[in-house]
Amino acid sequence: MFKITTNSAEETENFGKMIATLLRGGDIISFGGDLGVGKTCMIRGIAHGLGVKSNVTSSSFVLMRVLQGRLPVYHFDLYRLSSEDELYDIGYDEFLFSNGVSLIEWSDRLGSLIGDSYLQIDIEYDFDDSREDGGVYRRIITLTPHGERFQKFLEELKK
Ligand SMILES: Nc1ncnc2c1ncn2[C@@H]1O[C@H](COP(=O)(O)OP(=O)(O)OP(=O)(O)O)[C@@H](O)[C@H]1O
Ligand SMILES: [Mg+2]
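Worth saying up front: this structure is predicted, and the values here are computed from it rather than measured. Positions within a chain are numbered from 1, following the residues in the order the chain's sequence is written. Chains and ligands are labelled by the order in which they are written, letters from A for the one and numbers from 1 for the other. Totals for whole chains, interfaces and linings use every residue, but because this is a predicted model, local features are given only for residues with pLDDT of at least 70 and side-chain atom pairs only at 80 or more, for both listing and counting.

(A) Representation of unusual backbone geometry. Phi at Trp-106 takes a positive value of approximately 60°, unusual for a residue other than glycine. Tracing the chain through its elements places Trp-106 in the loop between β5 (101–105) and β6 (118–125). Think of it as a crowd count around each C-beta: if 20 or more other C-beta atoms lie within 10 Å the residue is buried, if 12 or fewer it is exposed, and in between it is partly exposed, with C-beta placed from the backbone throughout. Trp-106 gets classed as partly exposed once you count the C-beta atoms within 10 Å, which come to 19. We count a stretch as a helix when DSSP gives it H or I for four or more residues in a row; a strand needs E for two or more, and each element gets its number in order from the N terminus.

The structure is reproduced here in structure tokens:
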């Protein structure tokens, strides 16, 4: 496990950019955390770190967007997924188990379909009482590896 605290959207994006340097084709990252906590923000950093030039936005009515960087990047937002059938309709597995990098918001909707090799990134609000504005900018980001690939990944990240 690896934990980091960020104090702004920019810091979260920059952490995403850093993560991107360690990614390779076929990697899957699952994002958990409450509405508006910063999942898309971190994905934006990762995508830009992977060389994506286009805007990376929240896509609540689009289940998946294809972005192109040094690797194909598949940005899933499953918030509005209503049934497993919708996943089969978009052929999700051809993206997930391919040479691209998959970044998945609300991946709990996938259940075990995500497979057993992925990095789980959970983002939480951390209220900072010392701030006059209530400290709504602080986030705790926790990375949990699933499978050997991401155990090694976290060892690299810690260096
Ligand atoms: N430390 C921080 N890290 C990330 N975002 C932050 C931080 N501090 C403030 N923010 C703000 O929080 C918001 C995060 O929005 P974002 O769309 O990334 O969340 P989300 O988790 O993807 O939401 P949704 O559940 O709707 O998909 C942005 O407005 C961002 O500027
Ligand atoms: Mg989002």
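The rest of the description comes next.
(B) Spatial organisation of the site of ligand 1. We call a residue near a molecule or strand when its C-beta atom, built from the backbone, sits within 6 Å of it. Ala-9, Thr-12, Gly-38, Thr-40 and Cys-41 are the nearest of the 18 residues found near ligand 1. Broken down by secondary-structure element, the contributors of at least two residues to the shell around ligand 1 are α1 (9–20) and α2 (39–49). Taken together, the residues of the shell around ligand 1 break down into five nonpolar, nine polar and four charged. Throughout this entry, Asp, Glu, Lys and Arg are counted as charged residues, while Ala, Val, Leu, Ile, Met, Phe, Trp, Tyr, Cys and Pro are counted as nonpolar. The remaining residues, Gly among them, count as polar.

(C) Just the sheet that holds strand β4 (residues 72–77), in detail. Two strands form a pair only when DSSP identifies at least two bridges running between them. With mixed pairing, seven strands are arranged side by side in an open sheet as β1-β7-β6-β2-β5-β4-β3. The open sheet has two free edges, formed respectively by β1 (2–6) and β3 (64–68), since each of these has just one partner strand. Recorded for the sheet is a direction-independent mean angle of 20° between the axes of neighbouring strands. Pairing geometry for β3 and β4, over five bridges, is antiparallel. Residue pairing across strands places Met-64 opposite Phe-76, the latter belonging to β4. Two residues qualify as being in contact provided that their C-beta atoms, derived from the backbone, are within 7 Å of each other. Angles shown run from 0 to 180 degrees and are taken between the N-to-C directions of axes, each axis being a line fitted to C-alpha atoms and, for helices, limited to the stretch in contact. Packing of α1 onto the sheet brings it into contact with β1 and β7 (139–146), and relative to β1 it is tilted by some 145°. Contacts from helix α5 (residues 148–158) reach β1, β6 and β7 within the one sheet, and its direction differs from that of β7 by about 135°.

(D) Representation of the packing of α1 against α2. Running from amino to carboxyl end, α1 crosses α2 at an angle of 40°, the nearest separation of the two axes being 7 Å. Taken together, the axes of α1 and α2 lie oblique to each other. Of the two possible hands of crossing, α1 and α2 adopt the one that is right-handed. Residue-level contacts link Ala-9, Thr-12, Glu-13, Asn-14, Phe-15, Gly-16, Lys-17, Ile-19 and Ala-20 of α1 to Cys-41, Met-42, Ile-43, Arg-44, Gly-45, Ile-46, His-48 and Gly-49 of α2. In this scheme, roughly parallel covers angles under 35 degrees and roughly antiparallel covers those over 145, while 65 to 115 is roughly perpendicular and the rest are oblique. Take the far helix as the reference: if the near one is turned anticlockwise from it by less than a right angle, the crossing is left-handed, and if turned clockwise, right-handed.

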